[in-house]
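Analysis of the macromolecular model
Given next are the chains, with one letter for each unit.
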Amino acid sequence: GTLSRSLGGFLIGVDATIEQTWRVGLAAGYTRASFDVDSRASFDVDSRASSGNSDNYHVALYGGGQLGALGLRAGASFSWHDIATTRRVAFAGIGDRLKADYGARTTQVFGDSLKISDLEVRPIYHRRARRVRAHVFLCMLAYHIEWHMRARLAPILFQDDDKASAERARASPVAPAQRSLRARRKAARKRTDDGLPCRPWTSTARSCS
């Protein structure tokens, strides 16, 4: 016998941005899978003439966002399957046609978290090896740029730009690290020693994009 099979359908979706840092989306679709086994050897039990199809209905919900330098992604999909099969049975003077109809469900859930650069230089699709290499290159480039930007802008950021004095003030190398006096002044006054307003790194990076 010969086996033929086919699969077709469609998926549609929509997503939206919430508060500039979160994105949620909804997708739905329909697929149909079918197969057919054609056999002319009526007395060969191993050659079963059968066919079947499955109508599948899908819905998915997904979302993601960023909490500081932590990127979160999660989603879930649900599928309902309406399956129908038929098979012809013929042997030694007996012939019949068997049918079956039944349903099934499939649930898939995923989630991940990743520490990412605030510059958000990340490609989306990684189906080919060269795109994976491009992904790694762009992420490393983003971290390199971010490191230099943080170092140059440290005096007007809330981060500690006088770690040397803080290190000298430590009583012991195993003692908990403390912020420098300059960093504590910036945190309390929201301004630098020169009177300039201090800003968090996330909003500074966003204003540069």
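The preceding data block contains the structure.
Residues numbered from 1 in each chain as written. Predicted model: local features only at pLDDT ≥ 70, side-chain atom pairs only at ≥ 80, totals over all residues. Heavy atoms only, no water.

So, the side chain of threonine 204
Here threonine 204 shows up in helix 4 (residues 201–208). Classification of threonine 204 as buried rests on a relative accessible area of 6%. Reaching out from threonine 204, the side chain makes a polar contact with the backbone oxygen of proline 200 at a distance of 2.9 Å. Beyond its immediate chain neighbours, meaning those up to four positions away, threonine 204 contacts Leu153, Leu157 and Arg199. (Helix = DSSP H or I, 4+ residues; strand = E, 2+ residues; numbered from the N terminus. Buried < 20%, exposed > 50% of the residue type's maximum accessible area, 1.4 Å probe, protein only. Polar contact = N/O pair within 3.5 Å; in protein donor to acceptor, adjacent residues only side chain to side chain. Contact = heavy atoms within 4.5 Å.)

Side note on the side chain of aspartate 55
In this fold, aspartate 55 is placed in strand 3 (residues 49–67). When its relative accessible area of 12% is taken as the criterion, aspartate 55 is described as buried. At 2.6 Å, the side chain of aspartate 55 and the side chain of tyrosine 30 are in polar contact. The contact partners of aspartate 55, leaving out residues within four places of it in the chain, are Tyr30, Thr31, Arg32, Trp80, His81 and Asp82.

Focus on the packing of aromatic side chains
According to the stated counting rule, one finds two aromatic pairs in the structure shown. Residues phenylalanine 10 and tyrosine 30 carry aromatic rings whose centres are separated by 6.5 Å and whose planes lie at 45° to one another, so their mutual orientation is tilted. With phenylalanine 10 in strand 1 (residues 2–18) and tyrosine 30 in strand 2 (residues 22–38), the pair connects residues that are 20 residues apart, well separated along the chain. Measuring from ring centre to ring centre gives 5.4 Å for tyrosine 30 and tyrosine 57, while their planes differ by 45°; the resulting arrangement is tilted. Placement of tyrosine 30 in strand 2 and of tyrosine 57 in strand 3 is noted, with a sequence separation of 27 residues between them. On the accessibility criterion, tyrosine 57 (41% relative accessible area) is partly exposed. (Phe/Tyr/Trp six-rings, centres within 6.5 Å; stacked < 30°, edge-to-face > 60°.)

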